[in-house]
Amino acid sequence: MKPRKERSGLIVVTGIALLAACSDAPTAPSNAVRSTPVTAASVLSNGSSADTTIQVVLVDPTKKTTVNFGASSANKVVFPTSSICDVALSTYGTDQWNQPCAPQLLPVTLTVKSWYDADGHPHSDFQPHMRFNPAAEAVILTLKDRNGVQPNLEILYCADISGPCVDESATDSSLITYRDSTTGNYYRRVKHFSGYNIASGYSEEAL
């Protein structure tokens, strides 16, 4: 089902959809994309510090791979095949997210820190910093809020773990947040790491 949008102020309501990698606007994935097998990342370690969960995983960039993290089993990142840019060689910065890159060929060790704030909103931080191949399928981040779906919340990008967070969809429509009112999950395409959280702003809701 194609998503529909109704804009009112900062809130957008739409039908549920996934994000396609080769488009600037979110669209439903093809059957071929849906049927692609997904491999779970190898967990190297699990730990915690205060209220923060810390996980170290090994991601094989030559396979479509999912990384589950944090206190909720719904929190995850799905990396399609060849979607990670070469970590050692690729450029990084706000003017580089859509630039071509050579894909990473060797496994990548990823450290994920995740926690919930006092309002029940999830936060996550991913290291090392990396960006994703614009020629590959989209990398999708899913987060679950403890308050369920709310119409004014979205997934924001946080360049620093303690710094301000920004609405990337304000300048890139392919990064709009989608909300599933049945599961309470928020999800969107991401073009790079480091940190993300759920906070008030422009969003979309699944009917």
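The structure this text deals with has already been given above.
One structure accompanies this document, and this report is about it. Here the structure is a predicted model, which means the values were calculated and not measured.

What follows is about the pairing of strand E6 (residues 65-68). Here 2 bridges tie strand E3 (residues 39-40) to E6, and the two strands are oriented parallel to one another. Its bridge partner being in E6, Thr39 is matched across the sheet by Thr65. When E6 meets strand E7 (residues 76-79), the two strands line up antiparallel, connected through 4 bridges. Within the sheet, the bridge partner assigned to Val67 lies in E7 and is Val77.

Estimated volume of the second largest pocket: approximately 190 Å³. In the lining of the second largest pocket, the residues fall into 4 nonpolar, 5 polar and 4 charged.

Okay, unusual backbone geometry next. Between Gln127 and the following residue, Pro128, the backbone shows a cis peptide bond with an omega angle of 5°. Looking at the secondary structure, you find Pro128 in strand E9 (residues 122-131). Of note, Ser82 is a non-glycine position whose phi angle comes to about 60°, a positive value. The residue Ser82 is located in the loop between E7 and strand E8 (108-116) in this model. Residue Ser82 is classed as partly exposed on the basis of its relative accessible area, which comes to 30%.

Overall, mixed pairing links the 6 strands, which are arranged E3-E6-E7-E10-E14-E13 in an open sheet. Each having just a single partner strand, E3 and strand E13 (178-180) make up the two edges of the open sheet. As defined by bridge partners, strand E10 (residues 139-144) adjoins strand E14 (residues 185-190) across 6 bridges and the pair is classed as antiparallel. Directly across from Thr142, in E14, lies its bridge partner Tyr187.

Let's shift gears to the nonpolar core. Phe79, Leu110, Phe126, Leu141 and Phe193 are the most contacted members of the largest nonpolar core, which totals 25 residues. Secondary-structure elements contributing two or more residues to this core are strand E5 (52-59), E7, E8, E9, E10, strand E11 (153-158), E14 and strand E15 (192-200). Contacts of Leu110, omitting those with residues within four sequence positions, involve Gln55, Val56, Val57, Val59, Phe79, Phe126, Gln127, Pro128, Met130 and Phe193.

Quick look at empty space enclosed by the protein now. Throughout the structure, instances matching the rule amount to 1 cavity of 30 Å³ or more. The calculated volume of the largest cavity comes to roughly 50 Å³. If you go around the largest cavity, the residues you meet are Trp97, Asn98, Phe132, Asn133, Pro134, Glu137, Ala138, Val139, Arg189, Val190 and Lys191. Residues that form the lining of the largest cavity fall into these classes: 6 nonpolar, 2 polar and 3 charged.

This part takes up the side chain of Arg131. Relative to the assigned elements, Arg131 resides in strand E9. Although buried, Arg131 forms no salt bridge, and the nearest oppositely charged side chain, Asp95, lies 8.4 Å from it. Polar contacts involving the side chain of Arg131 include one to the main-chain carbonyl oxygen of Thr91, which spans 2.7 Å. A distance of 3.2 Å separates a polar side-chain atom of Arg131 from the backbone oxygen of Gln96.

Definitions and cut-offs
- Residues numbered from 1 in each chain as written.
- Predicted model: local features only at pLDDT ≥ 70, side-chain atom pairs only at ≥ 80, totals over all residues.
- Heavy atoms only, no water.
- Pairing = 2+ DSSP bridges.
- Helix = DSSP H or I, 4+ residues; strand = E, 2+ residues; numbered from the N terminus.
- 1 Å grid on protein atoms, 1.4 Å probe; cavity = no way out; pocket = protein on both sides within 12 Å on 5 of 7 lines; lining within 4 Å.
- Points joined across faces, edges and corners; volume = space filled by probe spheres on them.
- Nonpolar A, V, L, I, M, F, W, Y, C, P; charged D, E, K, R; others polar.
- Buried < 20%, exposed > 50% of the residue type's maximum accessible area, 1.4 Å probe, protein only.
- Core = buried A, V, L, I, M, F, W, Y, C linked by side-chain atoms within 4.5 Å.
- Contact = heavy atoms within 4.5 Å.
- Lys, Arg positive; Asp, Glu negative; His and termini not counted.
- Salt bridge = Lys/Arg side-chain N within 4 Å of Asp/Glu carboxyl O.
- Polar contact = N/O pair within 3.5 Å; in protein donor to acceptor, adjacent residues only side chain to side chain.

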